[in-house]
Amino acid sequence: MSSALGLALTDSLTRLVPPRLGATEQSTAEAKAIRETAVMALAEALERGELGLDLNGPAPDGLEANAWPNGMVTALEECGWLVSAGVLNAAPEAPFVLDGHWLRWRRWHLHLHHCLEQLLELGRTALPGALSEDEINAARTAARQAGLDTQQTQAVLALLQHRLVLLTGGPGTGKTSTVVQMLAAALTCNPAIQIQLAAPTGKAAARLQQAVSSGSNALGSDAMHHLSSLPSSTLHRLLEAQGKNRYRRNRSLPLVVDLVVVDEVSMVDLPLMEALLEALPDHAQLLLVGDPDQLPPVGPGAVLQELSQPQRRHELGPAAVELQTTYRNNGAIAALADQLRQSSSGFSKAQLSQLLPDDNVQWLEVKRQGLPTRLLNDLRAHQERLSALAKALRWHDGQPHPDDAAALLEQLEAWVALSPVRQGPWGVDTLNRAVLGDRSRRSVQHWPAGTPVLNRHNRADQGLANGDIGVVVMHEQETRVLLPGQRLLHPAQLTGAEPAFALTVHKSQGSQYSEVALLLPPVRHQDPRLAYTGLTRARHNVLLITSED
C-alpha cells in the first residue's frame, strides 16, 4: 500500500465528508497528514483481514510516536470523521467508528456487530421442545460413560438446548472427540436429524469427516452408521458460491439441514459467516468449532476471535464452552504453544534456549543470507521420497493402485516447510525454487513426478476448493495430478497452481503434518499467532528456524 493510495483515499473522503475546522492549534497541514496516515493504516489493516486498528497496538508507519493513539483520535474527531460506537446516529456521515480500543471503518463496524448480534441471539435461543430433566441426566450419564470430562459434557448438553454452540480449545483438548459425542447425543434425541459437516477449506472438511467417521467406531451401530456417512464440504461449496461473496443459497433458498457443524472457524471471515447465517434455516442449529488463538482469516473480519471475547462469551452463557484440559501429550510443541497463547510478541530467545536435544522442537538459529543446509537436506529428502513413491505407482485401466495412491498421498502429510512470507530469502517461493529450480515458475506439466501441487482457486465443477493439495504423477508419459479420493486431473485443469513443498502459514491452516520446518524471519512486530499456528500444524516434530539478526 503506497502513500499515494492513502492520499487518494483521503482526498476522496475530504470531498465526500469535508473536514470541519478543528478547535485546537493543530495546523491544517499537520491535521491533514495525520488523517492521511490514519486512512492509509486503516486501508492496510483491511488488506490484512483486520477491520480496524487496535489502539493498544503499535503505531502505524508514518505516525509520530507522540501522536499515537490520542493525537490520531483527536484529529479524526475534530474534523468530524470519527464517532463513538455508542452514539453512531450523532454523526451519521462519519466514516470511522471508535469502539473501545478499536478504530474501524463504519461500514465494517456495522457489518461486524450485525453478524455478532445474530450469532449471540442464536446462542441465547433455546431449542423448541425443552428436554425433560430425565433426558438431560441420561445425556450427561452417556457423555461421562464415554469418557468426557466436565467441560466436554457441558458441550454435549449445550447442543441439546441451544440453537448455537461455540466450542473452542487448543490442540489436543479433544474438540473432535467431543463433537462426535455431541452429534451422537443429538441423534439419540432426534434420529431423523439432518447433519452437515463443513469447513473453510477442502483439506479441513476432509479431515473433519474422517475424524468424525473414525471417532464414531466406538458408538452403537445406528449412530456409527449415521455419523460415518455424514456429508462434509467446504462452506463455499455448501453455499453454492457464484463468484466472490455471492452465493445461490440464501434466505430465499436456504440450506436443507437441521444442524451445521463448522470446524476451523478461525479461518471464517465476516462475509462468509454472514452468508452462512443468511442461508441457515429458521429452525436449524449451528455448532462452531475452533481455536481462537490461531491466525485470523485472510479476508476481513475475525469472527471467532470477536465471538471469543470475554463479554460475548458471557452473553452466550452455557452455549459457549472452552476446553482447557490437554489430553495429547505433545511435549515441547504443546509447552511452547501454551506460552505463545499468553504472549503478545512471539518466541523469546530465553524460552527457546531452554529446549533440550531430545525435545520434539529443535531450534536452529542461523544467519539469514541463505537457506540452512539442514533445511535444504530435509527438503530434498522429502522430494526424493515423494518421487520414489510416484514412480513406483502400479496402474490398472488408467488408475493407480489404491494402496500405492494412499501411500503417496500420506507422504504429502509427512513433512512440510512453513513460512509466514511468500517472498524474500526465507519465503515460500525461495523454498520451492530450492527444490525445483526455474521449473517452480512454470506450469504444472513441467514439474517432475512427486511434486506437491497447491490448487489456488475454488473450482466447483471439478470438486476442488482453494487450498486442496495433490501430487504430480506420470502415466504412459502423460502428466496428471493425483488428489484425495483417487481423482486424477489434467494439469490444464489446475491453472494458477503452485508447488507445495513449502506453504505459507496461512495456507497450512486446517492441515496437519507429521513434521514441520517452521521459518520465522525477523520482522518489526512479531505476531504470536503466526508462530502458534505454524507450530501446531505438527503432530510429532518441529524444526524451528530463526535468524541471528
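See the structure above.
Considering the overall build of the protein chain
- In terms of regular secondary structure, the protein chain is built from 20 helices and 22 strands.
- Over its C-alpha atoms the protein chain spans a radius of gyration of 25 Å, differing by no more than 12% from the 24 Å that the globule rule assigns to 549 residues.
- In terms of overall dimensions, the protein chain has C-alpha extents of about 80 × 65 × 50 Å along its principal axes.
- Counting over 549 residues, the protein chain shows a buried share of 52%.
- For the protein chain, long-range pairs separated by at least 24 residues make up 72% of all intrachain contacts whose partners lie at least 6 apart in sequence.

Looking at unusual backbone geometry
- Note the cis peptide between Trp 68 and Pro 69, where omega equals -10 degrees.
- Within the secondary structure, Pro 69 sits in the loop between strand E1 (52-54) and helix H3 (70-78).
- Its identity as a non-glycine residue notwithstanding, Asn 245 has a phi of 60 degrees, on the positive side.
- Looking at the secondary structure, you find Asn 245 in the loop between helix H10 (235-238) and strand E8 (259-262).
- The partly exposed category is assigned to Asn 245, whose relative accessible area is 45%.
- Despite not being glycine, Glu 476 has its phi angle at roughly 50 degrees, a positive value.
- Tracing the backbone through its elements, the reader meets Glu 476 in the loop between strand E16 (469-475) and strand E17 (478-483).
- The exposed category is assigned to Glu 476, whose relative accessible area is 67%.

Considering the sheet that holds E1
- Read across the sheet, four strands follow the order E1-E4-E3-E2 without closing on themselves; strand pairing throughout is mixed. The sheet is open, and its two edges are formed by E1 and strand E2 (82-84), each paired on a single side. The average angle at which neighbouring strand axes cross in this sheet is 25 degrees, direction not considered.
- Summarising the sheet, strand E3 (residues 96-99) and strand E4 (residues 102-105) pair through four bridges and their orientation is antiparallel. Bridge assignment links Leu 98 to a residue of E4, and that residue is Leu 103.
- Relative to the sheet, helix H2 (residues 28-47) contacts E1, E3 and E4, its axis offset from that of E4 by approximately 80 degrees.

Calculation criteria
Every chain's residues receive numbers from 1 upward, in the order its sequence appears when written. The predicted nature of this model means local features are confined to residues of pLDDT at least 70 and side-chain atom pairs, given and counted, to a pLDDT of 80 or more, with totals for whole chains, interfaces and linings taken over all residues. No hydrogens and no water enter the side-chain calculation; it runs on all heavy atoms of the structure. Numbering goes from the N terminus for both helices and strands, where a helix is a DSSP run of H or I of at least four residues and a strand is a run of E of at least two. Two things to know: the radius of gyration comes from C-alpha atoms, and the globule rule equals 2.2 Å times the number of residues to the power 0.38. Under the scheme applied here, a residue whose accessible area is under 20% of the maximum for its type counts as buried, over 50% as exposed, and between as partly exposed, the area being computed with a 1.4 Å probe on protein chains only. Working rule for contacts: check all heavy atoms of both residues, and any pair within 4.5 Å makes them a contact. DSSP calls a pair of strands paired once it identifies at least 2 bridges connecting them. Axes here mean lines fitted to C-alpha atoms, for a helix over just the part in contact, with angles spanning 0 to 180 degrees between N-to-C directions.

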